[in-house]
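Each chain is listed here by its residues.
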Amino acid sequence: MKFSYNFLQSFFKKKLPSPEKLADLLMMHFFEVEDIEKKGKDFVLDIDILSSRAGDCLSHMGVAREIAAITGEDFVMPETKIKKYGKDINEKASVEVRGGCLRYTLSGVEGVKVKSSPSYIQARLKSCGIRPINNVVDVTNYVMLETGQPLHAFDAKKIEGEKIIVRYAKKREKIVTLDEKRYDLRDSILVISDELSPIGIAGIKGGIVPEVDKETETIFLEAANFDPITVRKGSQYLKLRTDASLRFEHGIPLELTKIAIDRAVSLISQTAGGQVFKNVVDYYPEKRKEKIIHFNIDDVRSVLGTAISYKEVERVLRALNFKVQREKDLFSVTAPYFRIDVEIKEDIIEEIGRIYGYENISPENPKEDIIPSKENNFHIETNCREIWKGFGFSETYNYSFINEKYAEFFKREELIEMEKPASLEFKFLRPSLIPGLLKNLQENEKNYEEIGLFETGKVFLKKEGEVKEEKKMAVISSTDNFYTIKGKIDSFLKKIFLEDISYTECEKRTFFENFSSAKIIFQNECIGFLGKLSQKVRKEMKIKSNPLIVEFDFSKLKKFYREKVEYKPIFKFPSLIRDIAVLVPKDVSYEDVQKKINKEGGLVLRKIELFDFYEGKGIPQEMKSFAFRLTFQSKNKTLSSQEANNLQEKVIKALEDVSDWKVRR
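Small disclaimer: the values here were computed from a predicted structure and weren't measured.

K.L.:
Quick one: what's the story with the sheet that holds strand S31 (residues 605-614), residue by residue and with numbers?
P.N.:
The strand order across the open sheet built from four strands is S31-S32-S30-S33, with neighbouring strands paired in antiparallel fashion. Where the open sheet ends on each side, the last strands, each with one partner, are S31 and strand S33 (662-664). Sheet twist, expressed as the average angle between the axes of neighbouring strands with direction ignored, equals 30 degrees. The strands that helix H19 (residues 590-601) touches are strand S30 (576-585), S31 and strand S32 (623-632); relative to S31, the one it contacts most, it runs at about 150 degrees.

K.L.:
Before we move on, can you summarise unusual backbone geometry with the specific residues and values?
P.N.:
One non-glycine residue, Glu-180, adopts positive backbone phi at about 65 degrees. The exposed category is assigned to Glu-180, whose relative accessible area is 64%. Residue Phe-511 is not a glycine yet carries a positive backbone phi of 80 degrees. For Phe-511, the location among the structural elements is in the loop between strand S26 (502-505) and strand S27 (512-522). Taking the relative accessible area as the measure of exposure, Phe-511 reaches 4% and is therefore buried.

K.L.:
Outline the layout of surface pockets, listing residues and values.
P.N.:
Over the atoms a probe the size of a water molecule is rolled, and this reveals where empty space is left. Looking at the largest pocket, its volume works out to about 1,500 Å³. Lining the largest pocket are 39 residues, with Glu-499, Asp-500, Ile-501, Arg-606 and Lys-607 sitting closest to its centre. Sorting the residues of the lining of the largest pocket by element identifies helix H16 (482-495), S26, S27, H19, S31 and S32 as the ones contributing at least two each. Per element, the largest residue contribution to the lining of the largest pocket is seven residues, and it comes from S31. Looking at side-chain class alone, the lining of the largest pocket contains 16 nonpolar, nine polar and 14 charged residues.

K.L.:
Can you explain a positive patch on the surface? Please cite residues and give values.
P.N.:
Among the surface-exposed residues, Lys-494, Arg-606, Lys-607 and Lys-635 lie close enough to one another that they form a single positively charged patch. Topologically, Lys-607 is positioned in strand S31. You can call Lys-607 partly exposed: its relative accessible area is 40%.

K.L.:
Tell me about helix H9 (residues 256-272), and name the residues and values.
P.N.:
Here H9 contains 17 residues, and its C-alpha end-to-end distance of 23 Å stays within 8% of the 24 Å for a straight helix at 1.5 Å per residue. In terms of residue burial, H9 counts as a mostly covered element, since 13 of its 17 residues are buried.

K.L.:
Please give an account of the packing of aromatic side chains that cites residues and values.
P.N.:
Evaluation of the coordinates by the stated rule reveals 22 aromatic pairs. Relative to Phe-560, the ring of Phe-522 has its centre 4.9 Å away and its plane inclined at 80 degrees; by these criteria the two rings are edge-to-face. Of this pair, Phe-522 sits in strand S27 while Phe-560 sits in helix H18 (residues 554-560); the two residues are 38 residues apart in sequence, bridging distant segments of the chain. The residues Phe-522 and Phe-560 share a single accessibility class, namely buried. Clustering of aromatic rings is evident, with ring pairs tying together Phe-7, Phe-11, Phe-75, Tyr-120 and Tyr-142. The ring of Phe-43 carries the charged tip of Lys-38 above its face, separated from the ring centre by 5.4 Å.

K.L.:
Would you mind going over the side chain of Glu-551 in detail, with residue names and values included?
P.N.:
You can see Glu-551 is positioned in strand S29 (residues 548-553). Relative accessible area serves as the criterion here: at 9%, Glu-551 is assigned to the buried category. A polar side-chain atom of Glu-551 sits 3.4 Å from a polar atom in the side chain of Ser-432.

K.L.:
Quick one: what's the story with the pairing of strand S11 (residues 190-193), residue by residue and with numbers?
P.N.:
Where burial is concerned, the two faces of S11 agree: the one with Leu-190 and Ile-192 and the one with Val-191 and Ser-193 are both buried. In the sheet, strand S8 (residues 163-168) pairs with S11 via four bridges, with the strands oriented antiparallel. Residue pairing for S11: Arg-167 is matched across the bridge by Val-191. Summarising the sheet, S11 and strand S12 (residues 198-201) pair through three bridges and their orientation is antiparallel. Within S12, the position partnered with Ser-193 by the bridge is Pro-198. Hairpin connection from S11 to S12: four residues lie between these consecutive antiparallel strands.

K.L.:
Can you tell me about helix H20 (residues 641-656), naming the residues and giving the values?
P.N.:
For an α-helix, 3.6 residues make a turn, and residues three or four places apart therefore share a direction. With 16 residues, H20 ought to run about 22 Å at 1.5 Å a step, and its terminal C-alpha atoms sit 22 Å apart, in line with that. Where H20 is concerned, the buried positions are Ala-644, Leu-647, Gln-648, Val-651, Ile-652, Ala-654 and Leu-655. Looking straight down H20, one finds that the buried residues subtend no more than 165 degrees of arc, so they occupy a single side.

K.L.:
Go over the environment of Ser-625, please, and point to the residues and values.
P.N.:
Considering the arrangement of structural elements, one finds Ser-625 in strand S32. A sequence separation of 386 residues divides Ser-625 from Lys-239, and the C-alpha atoms of the two residues are 64 Å apart.

K.L.:
So what's going on with the pairing of strand S24 (residues 452-463)? Residues and values would help.
P.N.:
In terms of residue burial, S24 counts as a mostly covered element, since nine of its 12 residues are buried. By the bridge criterion, two bridges tie strand S20 (residues 394-395) to S24 in an arrangement that is parallel. Its bridge partner lying in S24, Ser-394 is registered against Leu-453. Here S24 runs beside strand S25 (residues 466-477); their pairing, made up of 12 bridges, is antiparallel. Considered in S25, the bridge of Lys-462 is made with Val-467. Here S24 hands over to S25 after two residues, with Glu-464 in that stretch at a positive phi of 55 degrees.

K.L.:
So what about the packing of H19 against H20? Which residues, and what values?
P.N.:
Direction vectors running N to C along H19 and H20 enclose 135 degrees, while the axes themselves pass 9 Å from each other. When the interaxial angle is binned, H19 and H20 end up oblique. Both H19 and H20 take part in a crossing whose hand is right-handed. Together, Val-593, Lys-596, Ile-597, Glu-600 and Gly-601 of H19 and Leu-647, Lys-650, Val-651, Ala-654 and Leu-655 of H20 make up the contact between the two elements.

K.L.:
An account of the environment of Lys-113 is requested, with residue identities and associated values reported.
P.N.:
Tracing the backbone through its elements, the reader meets Lys-113 in the loop between strand S6 (101-110) and helix H5 (119-127). Beyond its immediate sequence surroundings of up to four residues, Lys-113 is in contact with Asn-135 and Ala-272.

K.L.:
Tell me about the pattern of salt bridges, residues and numbers included.
P.N.:
Scanning all chains against the criterion turns up 49 salt bridges. A salt bridge links Lys-174 to Asp-184; the shortest N-O distance between them is 2.7 Å. One end of the pair, Lys-174, is in strand S9 (residues 174-176); the other, Asp-184, is in strand S10 (residues 182-184), with 10 residues separating them in the sequence. The class of Asp-184 is partly exposed, set by a relative accessible area of 44%. We note a salt bridge from Arg-301 to Asp-298, for which the minimum N-O separation is 2.5 Å. With a gap of three residues between them, Arg-301 and Asp-298 both fall in helix H10 (residues 297-304), about one helical turn apart. Take Arg-301: its relative accessible area is 38%, and that puts it in the partly exposed class. When salt bridges with common partners are traced through the structure, they connect Arg-53, Asp-56, Glu-66, Arg-339, Asp-341, Glu-351 and Arg-354 into a single cluster.

K.L.:
Can you lay out the sheet that holds strand S19 (residues 330-334) for me, pointing to particular residues and giving the numbers?
P.N.:
A sheet is described by the order of its strands in space; here three strands give the open sequence S17-S19-S18, paired in antiparallel fashion. In the strand order of this sheet, the two ends are held by strand S17 (292-296) and strand S18 (323-327), each with one partner. Between one strand axis and the next, the sheet turns by 20 degrees as a mean value, whatever way the strands run. Both S18 and S19 contribute to a ladder of five bridges, which runs antiparallel. Note that in S19 the partner of Val-324 across the bridge is Val-333. Against the sheet, helix H11 (residues 310-319) contacts S17, S18 and S19, and its axis sits at roughly 160 degrees relative to S18. The sheet strands contacting helix H12 (residues 345-356) are S17 and S19, and the helix crosses S17 at an angle near 65 degrees.

Rules used throughout
- Residues numbered from 1 in each chain as written.
- Predicted model: local features only at pLDDT ≥ 70, side-chain atom pairs only at ≥ 80, totals over all residues.
- Heavy atoms only, no water.
- Pairing = 2+ DSSP bridges.
- Helix = DSSP H or I, 4+ residues; strand = E, 2+ residues; numbered from the N terminus.
- Axes fitted to C-alpha atoms, helices over the stretch in contact; angles between N-to-C directions.
- Contact = heavy atoms within 4.5 Å.
- Buried < 20%, exposed > 50% of the residue type's maximum accessible area, 1.4 Å probe, protein only.
- 1 Å grid on protein atoms, 1.4 Å probe; cavity = no way out; pocket = protein on both sides within 12 Å on 5 of 7 lines; lining within 4 Å.
- Points joined across faces, edges and corners; volume = space filled by probe spheres on them.
- Nonpolar A, V, L, I, M, F, W, Y, C, P; charged D, E, K, R; others polar.
- Patch = residues over 30% accessible without salt bridge, like charges linked within 9 Å, V, L, I, M, F, W, Y side chains within 5 Å.
- Areas by Shrake-Rupley, 256 points an atom, 1.4 Å probe, with all protein chains shown as cover.
- Salt bridge = Lys/Arg side-chain N within 4 Å of Asp/Glu carboxyl O.
- Lys, Arg positive; Asp, Glu negative; His and termini not counted.
- Charge placed at Lys NZ, Arg CZ, Asp CG, Glu CD.
- Expected span 1.5 Å × (residues − 1).
- Phe/Tyr/Trp six-rings, centres within 6.5 Å; stacked < 30°, edge-to-face > 60°.
- Lys NZ or Arg CZ within 6 Å of the ring centre and 35° of its normal.
- Polar contact = N/O pair within 3.5 Å; in protein donor to acceptor, adjacent residues only side chain to side chain.
- Arc of directions from axis to C-beta.
- Parallel < 35°, antiparallel > 145°, perpendicular 65-115°, else oblique.
- Left-handed = near helix turned anticlockwise from the far one by under 90°.

This is the structure:
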């Protein structure tokens, strides 16, 4: 928010520090000053006021109080002088509040002469980005900038009847605002109304009908405290954000309406003449109760980490306008009316710390060694889940039960049946996460074409007469092919530092198509499975896509999981890559071929990657093709192309030495 340096100076008799030095002080003890701009004979400070302090610091008065507390200079409250009182306003108008308003204060001035406002008011308004209009309207804006309380002036003669009503809009009601824009209202929007129609949108913008103009002689002046949520929702619905709505949305002190309205009628009578009405109309059903907060000196030391004297604590709090009483080491503190953000003792201690100066608090080493937390199941599981989310998969949560239909896919003797199931859908404890994911896939296919889901949870089986409870992680994808899902598996495992993964063909598994599944191997242990959903299951479940499924044994992931990588020196010498494709009988596994290549490649064969698998047209019916990428790299020297070619030929010869294997050239 923009603050005028000259405006802030008006609250002090002594000269303030220069704008630059003042900005430094505010940033050390208050909020960040984002910019300083020279504007004519003034400087404008753009201060980032946080929402917690909007109640008092979206005003020059609030920021000036902070400056007084920081610098120790005396804060001077603006004068409210009223020379002449006229009639009692209660004889001219009444107020009826039907909801959405915590306080409504009405005053006024009769016999005004509407003209241009004094130059100092115009200059300060312009510094803060507000266009001057006339002396009455300018004063309402000026006092809002000064105190933080929005005000609005009505031409009294243009109000129908002698009553101002605060109510919710009626259906199909409309209003034209001061900027001549028409708005359709709804019944959740609060309005200010006379006895016929709305004359303003409460807390947001005034209506054009009772606008103050050069012909205006008598004004009514409104200062209210509207419900913040009602104002915010109304502003959002109408897409109308104003200086007033900004303040009401954050909440302002109830006591401010009387202070601001007295200040405004005083300035209007000075700049526009006329007589101020006696008294005010003041709807104020529930007055704010002062809240006393207790704390002791040990609380201050505990929160701030340093010892601050009793005298200094009292000095800081009194500088911030808190009422302070102390009995031995116990403080009883009452916040001033404008500090609606202060609720608990920590709020007060924070105030002590920032004015005392965090730079004055010496850093101390921890009293005890900080020991890194041990890895636990929750941490590991969270990390694994976040990785799959990063791949674009959505997490799903299913019940830990399956029905009779899914039970048919498993061995009956391994299932755990519920004695008294809540329904037939919950007849068995689930032995796998896959049935739940298949059901999720089936439902999602009604609305989406590309589906990627995963779940982490417990499964339950009977093995050798004992109930086994195991943690699993399962993934299903309707769009990935074998190689893209394999790439994601490899990437997932690398992120938890499981490298040198291999895949081997596996025996027939539930839900997987024959000869279309593989074990995922790490350090000679099976940590999971990858496979294509069988045609039979697809048909029975009416699944349109041809999904791939991955299932991990979470206990194995936990066993090998490493959050930190161990340093390994980077090879100094470049690598050379060669590709080999080999035809083998269908009963030969990928692992068999990989072992043969690995044996012949020797120490300089750094990596073997399967990048293609094919069977079908162009390949003999009883055969299949594996394509491998071989990476050769030496620790001691740069390999020549000829050396890499020789190693490749050695591998080819070893593969072709097997009678029914053939390298494709």
